[in-house]
Amino acid sequence: MDYQFKDIEQRWQQFWAEKQTFRVTEDASKPKYYVLDMFPYPSGAGLHVGHPLGYIASDIFSRYKRLKGFNVLHPMGYDSFGLPAEQYAIQTGQHPAITTESNIATYRRQLDRLGFSFDWSREVRTSDPGYYKWTQWIFMQLFNSWYNLETDRAEDITTLIEKFNAAGSAGVKAVCDDDVRNFLPTDWAAFSQDEKQEELLKYRLTYLRESTVNWCAALGTVLANDEVKDGFSERGGYPVEQKKMMQWSMRITAYAERLLKGLDMIDWPEPVKEMQRNWIGKSTGASVRFMLEIPVGGQSFIEVFTTRVDTIYGVSYLVLAPEHELVPALTTVAQREEVEAYIARTRKKSELDRMADTKTVSGAFTGSYVVNPVNGEKVPVWIADYVLAGYGTGAVMGVPSGDQRDWLFATHFNLPIVQVLDAQVNIREQADATKEGTYINSGMINGMVYKDAVSYLNSWLEEKGLGKAKINYRMRDAIFGRQRYWGEPIPVYFKEGLPYLLAEPELPLVLPEIDKYLPTETGEPPLGRATGWKHQGGHEYELSTMPGWAGSSWYWYRYMDARNPDAFASKAAIEYWQAVDLYIGGSEHATGHLLYSRFWNKFLKDLGYVQEEEPFKKLINQGMIQGRSNFVYRVVDADGRGTNTFVSAGLRNGYQTSAIHVDVNIVNNDVLDLERFKAWREDFRDAEFVLEEGKYVCGVEIEKMSKSKYNVVNPDDLIERYGADTLRMYEMFLGPLEQSKPWNTNGIEGVFKFLRKFWRLFHDENWNFQVSDAQPSPAELKSLHKIIKKVQDDIDRFSFNTSVSSFMIAVNELTELKCNKRAVLQELVVILSPYAPHICEELWSLLGHEEGSLTQVSYPEFNPAYLQEASFSYPISVNGKMKMNLDIALDLSQQQVEETVLANEQVQKYLEGRPHKKIIFVKGKIVNIVV
RNA sequence: GCUCGGAUGGUGGAACUGGUAGACACGCAGGACUUAAAAUCCUGUUCGCCCUAAAGCGAGUGCGGGUUCGAUUCCCGCUCCGAGUACCA
């Protein structure tokens with residue numbers, strides 16, 4: 001029979017499901033390999049053709065690894081908490097759980113049709129109470145932990161209490177809030193329970209604190225920094241403003257250094273690592289105290305952070321952020337009006353304006369002065385919005401000669417510019433940030449070089465108590481609460497305004513039913529609507545829920561032991577599977593999911609629950625699949641009204657037209673199917689066309705794939721027409737996995753033809769299955785062993801597109817050779833099976849093997865002997881220009897080759913009688929005659 | 001502005017450590033089969049010149065230089081496109 005992909009694919013998908021072919025267990029006799037896909041949020045739109053790209057690649061890799069003898073964990077699940085289902089619930093009243101459930105069913109059906117080798121018995125859903133019980137449990141561990149800088153790891157909060165008992169706050173080096181109290185052991189003992197809890201909260205790795213947050217009024221919730229892009233929410237694009245609120249946060253800053261260092265140990269794309277480095281934003285410098293001339297507001301100094309302490313003799317002013325807490329106290333009566341006006345002005349500027357407008361210099365003088373600690377000079381204190389309240393101390397020292405922003409500021413306000421290094425040039429024109437040369441005008445460091453000056457100043461400042469070396473990070477603690485319904489409830493209740501954890505047996509704290517998915521009348525989050533939802537009937541629960549990234553920050557561990565009711569995963573399972581060996585997903589998660597996951601992983605390691613410092617050993621970002629839109633051009637009449645006539649793209653310049661998106665599914669190779677177009681929309685029924693060469697050619701544009709642009713290509717349609725094996729191979733054939741590219745269905749025929757041709761190798765001209773047991777010829781073995789090696793090399797470097805080409809070459813060669821030898825074809829079936837599993841299973845069983853045993857065989861052994869040749873057709877070039885080919889035996893020496901080449905008549909013709917200077921000979925590669 | 005990635009035929013792309021540029025496929029053109037169409041198969045297809053044709057000659061991997069017997073590949077300088085990031089002191 002001809003290649004009946006529909007029957008074949010249905011049969012094997014059913015077979016795999018019934019026999020649970022891809023179910024894995026921890027098998028100590030085999031090496032393990034963990035292949036993970038970023039699990040999807042099940043949106044209502046279902047999968048488009050771009051989504052499976054990464055899943056296909058990871059599936060090929062998983063199947064290949066199995067053939068190579070690995071015990072492969074390859075699971076799939078759903079990140080099923082999230083905003084869209086909740087927005088839908090607000091509009092329709094439908095419970096998000098119901099929407100989510102039906103979306104998951106659609107996803108599952110679509111995934112199943114692609115023939116993936118997932119172990120579905122390990123499926124997870126983040127919105128399942130059996131799953132989020134453990135998300136809540138991890139939250140509780142974080143609440144019960146603090147970060148000890150002496151041991152450089154998270155520890156149980158009890159070790160902190162012991163330290164307080166033994167030596168008070170002085171005995172503790174921790175990552176904590178800025179406003180921790182100083183106390184003696186006796187003070188600690190005298191604190192009330194509430195006071196103790198309040199103090200401990202400043203140390204916990206998840207904590208409640210009044211913080212400035214990104215408030216998105218339209219979504220009714222706060223957002224983390226990575227969920228905000230250019231002042232708008234990443235989801236939905238609504239405006240975001242700064243607001244002070246009591247919020248749960250995660251002390252991710254405690255792990256800043258380890259998150260940074262860990263990047264050097266993992267095999268990730270450099271851009272992702274670079275983005276994380278920038279996000280963490282480490283800078284090495286010093287904090288320096290400038291004493292106030294007159295102490296104000298209980299403060300006697302202003303602290304600045306600088307990366308160039310060596311330029312401190314060049315300071316001609318200090319600048320504070322307009323929001324800096326000392327500004328009101330520092331402002332003198334004479335300057336009050338100007339300062340207040342300036343603050344009012346900056347406040348009015350939105351975040352966006354402030355970012356867009358980086359050119360204009362602005363600021364105001366407070367009227368106060370500080371003293372430069374190194375030379376006792378009087379330094380004026382200004383405020384300006386180029387200093388950010390949120391970074392460092394919110395105050396900087398202005399060194400106009402070394403920093404361009406300071407230079408612009410000083411020039412604008414006529415402040416002095418002092419040269420500090422003899423190597424600085426042109427500082428009248430612009431700042432020179434060089435570190436070269438030796439110091440001048442710089443008191444005690446005059447004549448020193450950069451390195452010495454920095455360490456000298458740092459120790460001098462530290463000795464005097466006026467400053468010290470300091471490392472600063474740009475990364476902030478992550479806001480962890482969301483004022484939304486469809487997320488994990490935070491397992492906390494309040495007593496006397498202080499948060500307390502639930503007891504472990506009370507988990508999971510299940511999301512309560514509510515009447516409407518909106519905030520309460522008093523502005524509380526939706527959970528405030530739940531009636532009678534109180535801890536043990538008395539205390540208020542926390543009403544915000546966890547953010548979207550909570551459930552995805554540890555899910556790879558749940559796959560290891562997905563149904564365990566007693567632990568997030570058993571110790572044995574974690575010890576066996578360890579970490580993810582290959583992780584495939586989109587680069588949009590570079591600073592969100594991938595950073596938070598690394599953070600939680602390190603935390604779980606500190607507590608001894610997991611062993612690996614880094615969760616994802618190798619990461620690959622699959623490229624985005626963009627949409628490719630097609631257009632028709634409607635002729636517009638003199639009044640600007642659309643007519644009933646559509647002109648082909650090549651002729652549209654002769655007309656006044658308007659471009660209309662046309663469904664890409666009724667266009668083939670940019671040629672419009674006229675009948676289907678007329679049937680597509682009622683108003684096009686009587687359409688008339690101006691054709692070119694008898695065809696209507698559509699215009700093309702690359703855009704995002706979306707319904708409104710009619711450019712969505714659904715995998716189901718393609719599977720219907722060509723089958724899953726064709727689609728799988730075509731998606732790989734499109735180009736390198738990591739490259740972004742527009743989807744174009746043109747060309748899928750080529751892959752389909754290939755599979756038919758492959759099928760035909762096993763059949764005679766009447767489609768009867770027929771293979772021969774005869775010995776393969778050397779040419780056939782050569783083809784086979786070429787592909788054995790090629791595919792193995794390609795998969796090892798994730799170059800799936802090139803293997804598809806090689807398969808085509810192999811099948812072309814074998815067709816040419818009329819090869820139907822079992823010994824060759826059988827091996828070929830194994831090699832192709834990761835790419836096109838259905839057809840290969842079918843042929844495998846037709847070859848007489850036990851059904852389904854294809855997944856247990858080994859990848860064929862490569863034998864280089866079959867590729868060895870006696871001679872090679874050398875390209876002969878003259879002065880590096882290829883002229884001709886010449887067949888020469890491979891075992892000849894350089895001298896023999898030279899003689900052979902020079903003796904050749906045609907070669908002599910190219911030399912035109914010129915004597916050769918030398919002959920370059922690279923065995924098996926090239927002969928180059930230099931004249 | 002900074003960081004990263006990219007640029008190869010009409011199109012997607014290949015060329016892995018410097019060694020025959022354009023594999024493989026799409027599209028297109030021509031042909032076979034067919035009453036016809038579809039499907040299938042065969043041939044050609046980087047560009048230019050020359051030509052009935054065969055053959056030949058020249059140019060060619062964004063642009064300009066360099067290293068080398070030899071450069072899509074390495075180095076220097078630029079142009080354009082894409083992504084991320086942005087007063088971070």
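One structure accompanies this document, and this report is about it. What you see is a predicted model; the values in this text were computed from it and never measured.

When its secondary structure is counted, chain A shows 29 helices and 36 strands. Its C-alpha atoms give chain A principal-axis dimensions of roughly 100 × 85 × 80 Å. Within chain A, the proportion of its 931 residues that are buried is 53%. Contacts spanning at least 24 positions in sequence make up 71% of the contacts within chain A whose residues lie at least 6 apart. Per element, the accessible surface of chain A, about 41900 Å² overall, is 49% carbon and sulfur. With 102 positive and 124 negative side-chain charges, chain A shows a spacing of 2 Å between the two charge centroids.

A word on empty space enclosed by the protein. Counting across every chain of the model gives one cavity of 30 Å³ or more. Reported here for the largest cavity is a volume of approximately 90 Å³. In terms of lining, the largest cavity is formed by F22, R63, R66, L67, S833, P834, P837, E841, L854 and T855. Residue assignment for the lining of the largest cavity shows that the elements contributing at least two residues are α2 (52–67) and α27 (837–846). Broken down by element, the residue count for the lining of the largest cavity peaks at three residues, all from α2.

The final tally for this structure, using the stated rule, is 49 salt bridges. Put simply, R108 and D112 hold a salt bridge, and the shortest N to O gap is 3.1 Å. Taken together, the residues span about one helical turn, with R108 and D112 both in helix α4 (residues 96–113) at a distance of four residues. Judged by its relative accessible area of 27%, R108 falls in the partly exposed class. Under the relative-accessibility criterion, D112 is labelled partly exposed at 31%. Linking D794 and R797 is a salt bridge whose minimum nitrogen-to-oxygen distance equals 3.1 Å. With relative accessibility at 0%, the residue D794 sits in the buried group.

Turning next to the packing of aromatic side chains. Applying the stated criterion to the full structure yields 76 aromatic pairs. Taken together, a centroid distance of 4.5 Å and an interplanar angle of 20° make the contact between Y131 and W554 stacked. Taken together, the positions of Y131 in helix α5 (residues 129–143) and W554 in the loop between α16 (549–552) and α17 (555–558) put the pair 423 residues apart, joining distant regions of the chain. Like W554, Y131 is buried.

Our focus in this paragraph is the sheet that holds strand β7 (residues 221–223). Read from one edge to the other, the open sheet built from four strands follows the order β7-β6-β10-β18, with strand pairing classed as antiparallel. At either margin of the open sheet sits one strand with a lone partner, and together these are β7 and β18 (478–479). The pairing of strand β6 (residues 206–216) with β7 spans three bridges and is classified as antiparallel. Across the sheet, residue W215 finds its bridge partner in β7, namely V222.

Of all hydrophobic cores here, the largest spans 159 residues; its most connected members are F568, W600, M729, F758, F800, L832 and Y835. In terms of nonpolar packing, the next biggest core, distinct from the first, is built from 53 residues, V288, V315, F409 and I427 among them.

What follows covers helix α23 (residues 748–761). Under the 1.5 Å per step criterion, the end-to-end length of α23 is 21 Å for 14 residues, consistent within 8% with the ideal 20 Å. I748, V751, F752, F754, L755, F758, W759 and L761 are the residues of α23 that are buried. Structurally, α23 contributes buried residues whose contacts are with α1 (5–19), α21 (715–722), α22 (724–733), α25 (800–816), α26 (822–832) and α27.

In this section: the sheet that holds strand β23 (residues 582–585). In space, the four strands of this open sheet follow the order β2-β1-β23-β24, with parallel pairing throughout. The sheet terminates laterally at β2 (71–73) and β24 (619–621), the two strands that pair on one side only. Going from strand to strand, the sheet's axes swing by 20° on average, the running direction of each strand aside. As paired strands, strand β1 (residues 32–37) and β23 are joined by three bridges and run parallel to one another. Bridging across to β23, V35 finds its partner in L582. Set on the sheet, α2 makes contact with β1, β2 and β23; between it and β1 the angle comes to about 170°.

Conventions we followed
Residues numbered from 1 in each chain as written. Chains lettered and ligands numbered in written order. Predicted model: local features only at pLDDT ≥ 70, side-chain atom pairs only at ≥ 80, totals over all residues. Heavy atoms only, no water. Helix = DSSP H or I, 4+ residues; strand = E, 2+ residues; numbered from the N terminus. Buried < 20%, exposed > 50% of the residue type's maximum accessible area, 1.4 Å probe, protein only. Contact = heavy atoms within 4.5 Å. Areas by Shrake-Rupley, 256 points an atom, 1.4 Å probe, with all protein chains shown as cover. Lys, Arg positive; Asp, Glu negative; His and termini not counted. Charge placed at Lys NZ, Arg CZ, Asp CG, Glu CD. 1 Å grid on protein atoms, 1.4 Å probe; cavity = no way out; pocket = protein on both sides within 12 Å on 5 of 7 lines; lining within 4 Å. Points joined across faces, edges and corners; volume = space filled by probe spheres on them. Salt bridge = Lys/Arg side-chain N within 4 Å of Asp/Glu carboxyl O. Phe/Tyr/Trp six-rings, centres within 6.5 Å; stacked < 30°, edge-to-face > 60°. Pairing = 2+ DSSP bridges. Core = buried A, V, L, I, M, F, W, Y, C linked by side-chain atoms within 4.5 Å. Expected span 1.5 Å × (residues − 1). Axes fitted to C-alpha atoms, helices over the stretch in contact; angles between N-to-C directions.

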